[in-house]
Structures are given as C-alpha cells and as structure tokens.
Amino acid sequence: MARVAFITGASRGIGMAIALRLAQDGYDIALNDILPQKAELEVVQEEIRKSGKQAIICIGDVSVEEEVKRMVEDAVRELGSLNVMVANAGICITKPFLETTKGEFDRMYAVNVNGVFLCYKYAAMQMIKQGKGGRIIGASSITGKQGFSTLAGYSSTKFAVRGLTQSVASELAKYGITVNAYAPGAVDTIMR
C-alpha cells in the first residue's frame, strides 16, 4: 500500500520543498493551495510525477471547514489513504501593531490557526479510521517562540500553533499519531 502525504500551501516555498522531498522519500502526494495558485501547483505536480510518484491537486481554502473535509476525502479516495498531513499554508501581514486592522488580524487567524486546526482534525479522524497511526505536522515559526516588531498578528498565530500542536499531540498519541510543528526563520518566499 502506498504511503500518502497531504501538504497545504504546496505551490511554492516551504510547502513545495516539503512536497518534493516527501515524493523523493517515496510518498504519493496530495498538493493543496488556493485557486489562484493552480498553475504553480501543476508545475509541482508534474515534477513529482516525473519522479514516478502519484500527485493530485486539491484546490481549497484551509480556513473553510467543508473544503478541508472535502480535500482530505478526495485525497483518500484518489490515493488510497492518508499517512502524513503537513499543515503548512499560512499568510503573513507585516505591519506595525497600531496599523493592523481587525480584518487583517482575523484573516491571519483564519488561515494560520483555524486552517491548522481543521487540517489536524480531519487528518486525525482519517488516520484513526485507518487504525495505523500517522504523522501530523504544522507550520509554526521562529516568531512563534519570540515575538517580532511589525509581526504581532502573525507571531501570535504561530504561538497558537505551538500550543495547539502540544495539546493535540498529547490527545492523539494513544492512536499512534505523532503531532509536531516546525519553526523556521525567515524564508524568501511569497506569503499571501
């Protein structure tokens, strides 16, 4: 049976690198991003297929529960299972705290926190159903360990991912599911 990894925000940057590496490591890949990134996802998909692994595209917004549920179901239906979820999608709005609007703050929380929560939840439900454990990984940041000037909203979302990850890890361990987060420093990539 093939091993399957689902990576959100996979059209570029860290998400793309993770997808390519997991394909190299023998995983079939479900690639996610939002509709405007479809052409970039198709390039990543083709690169993975050249390596001999399967790759499908799951267009959707990780902040919308029904879309996350559908994408996980689509990945399982097309690739056979779900073994790894990488909740990588994120947005960053760099602005002084006093200039950050509530709308901008809410949008960062919708993608960076709610999106991770939804990916963790629906991946865990599928992995529990399969009964073979799994790996769930979320995107935190160096700013989730130390707040940075002009990144108050973004930093607070990444602190939230750390707390969510630690709590979920303690609950899912009994199912053989590990839950971890990575915390990179600055990466030269576009974050919508």
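For the structure itself, look to the data block above.
As the structure is a computational prediction, the values presented were derived from the model and not from experiment.

What counts as what
- Residues numbered from 1 in each chain as written.
- Predicted model: local features only at pLDDT ≥ 70, side-chain atom pairs only at ≥ 80, totals over all residues.
- Heavy atoms only, no water.
- Core = buried A, V, L, I, M, F, W, Y, C linked by side-chain atoms within 4.5 Å.
- Buried < 20%, exposed > 50% of the residue type's maximum accessible area, 1.4 Å probe, protein only.
- Helix = DSSP H or I, 4+ residues; strand = E, 2+ residues; numbered from the N terminus.
- Contact = heavy atoms within 4.5 Å.
- Right-handed = clockwise from strand over helix to strand, strands pointing away.
- Expected span 1.5 Å × (residues − 1).
- Axes fitted to C-alpha atoms, helices over the stretch in contact; angles between N-to-C directions.
- Left-handed = near helix turned anticlockwise from the far one by under 90°.
- Nonpolar A, V, L, I, M, F, W, Y, C, P; charged D, E, K, R; others polar.
- Pairing = 2+ DSSP bridges.
- Phe/Tyr/Trp six-rings, centres within 6.5 Å; stacked < 30°, edge-to-face > 60°.
- Lys NZ or Arg CZ within 6 Å of the ring centre and 35° of its normal.
- Polar contact = N/O pair within 3.5 Å; in protein donor to acceptor, adjacent residues only side chain to side chain.
- Arc of directions from axis to C-beta.

Caption draft 1: The arrangement of the nonpolar core in detail. Ranked by internal contacts, the top residues of the largest apolar core, which has 35 residues, are Phe6, Met85, Tyr120 and Ile136. At the level of secondary structure, the elements contributing two or more residues to this core comprise strand E1 (3-7), strand E3 (55-59), helix H3 (65-79), strand E4 (84-87), helix H4 (102-130), helix H5 (152-172) and strand E6 (177-182). No other element matches H4, which puts ten residues into this core. Ignoring any residue separated from it by four or fewer positions in sequence, one finds methionine 85 in contact with Phe6, Thr8, Val72, Cys119, Ala123, Met127, Arg135, Ile136 and Ile137. In terms of nonpolar packing, the next biggest core, distinct from the first, is built from 18 residues, Ala5, Ala10, Ile18 and Ala55 among them.

Caption draft 2: Quick look at the pairing of E4. What you see with E4 is no split at all: Val84 and Val86 on one side and Met85 and Ala87 on the other are buried throughout. After leaving E4, the chain enters H4 and then returns to the sheet as strand E5 (residues 134-139), a path that is right-handed.

Caption draft 3: Seen up close, the side chain of threonine 157. The topology assignment puts threonine 157 in helix H5. Beyond its immediate sequence surroundings of up to four residues, threonine 157 is in contact with Met108, Tyr109, Asn112 and Val113.

Caption draft 4: Region of the structure containing H3. Between its first and last C-alpha atoms H3 spans 21 Å; for 15 residues at 1.5 Å apiece the expected length is 21 Å, and the two agree. All of the buried residues in H3 are Val68, Met71, Val72, Asp74, Ala75, Val76 and Leu79. The elements touched by buried residues of H3 are E1, strand E2 (27-33), E3, E4 and H4. At the C-terminal side of H3, glycine 80 shows a positive phi close to 105°.

Caption draft 5: The arrangement of the packing of H3 against H4 in detail. It is the contact of H3 with H4, at a shortest axis distance of 9 Å, that shows an interaxial angle of 35°. The chirality of how H3 crosses H4 is right-handed. Contacts from Glu65, Val68, Lys69, Val72 and Val76 of H3 reach H4 at Leu118, Cys119, Lys121, Tyr122 and Gln126. Broken down by class, the residue content of the contact of H3 with H4 amounts to six nonpolar, one polar and three charged.

Caption draft 6: Region of the structure containing the pairing of E6. The pairing of E5 with E6 spans six bridges and is parallel. Following the sheet pairing, glycine 138 is matched in E6 by alanine 181. For the handedness criterion, the β-α-β arrangement of E5, H5 and E6 is classed as right-handed.

Caption draft 7: The packing of aromatic side chains, seen in detail. Throughout the structure, instances matching the rule amount to one aromatic pair. Look at phenylalanine 105 and tyrosine 109: their rings are 5.0 Å apart centre to centre, the planes differ by 40°, and that puts the pair in the tilted class. You can see phenylalanine 105 and its partner tyrosine 109 sitting in helix H4, four residues apart, about one turn around the helix. You can call phenylalanine 105 partly exposed: its relative accessible area is 34%. Above the plane of the ring of tyrosine 27 lies arginine 3, whose end atom (NZ or CZ) is 4.1 Å from the centre.

Caption draft 8: Representation of the environment of lysine 53 in the model. Summarising the element assignment, lysine 53 is placed in the loop between helix H2 (38-50) and E3. Taking the C-alpha atoms as reference, lysine 53 lies 5.4 Å from aspartate 28; in sequence the two are 25 residues apart. Within the local environment of lysine 53, its side chain forms a polar contact with the backbone oxygen of glycine 26, the two atoms lying 3.3 Å apart.

Caption draft 9: Up close: helix H1 (residues 13-24). End to end, H1 covers 17 Å across twelve residues, agreeing with the expected 16 Å (1.5 Å per residue, within 8%). Along H1, the residues that are buried comprise Gly15, Ile18, Ala19, Leu22 and Ala23. Down the axis of H1, the buried side of the element spans an arc of 130°, and every buried residue falls inside it. At its buried positions, H1 is contacted by E1, E2, H2, E4 and E6.

This is a description of form; function is not addressed.
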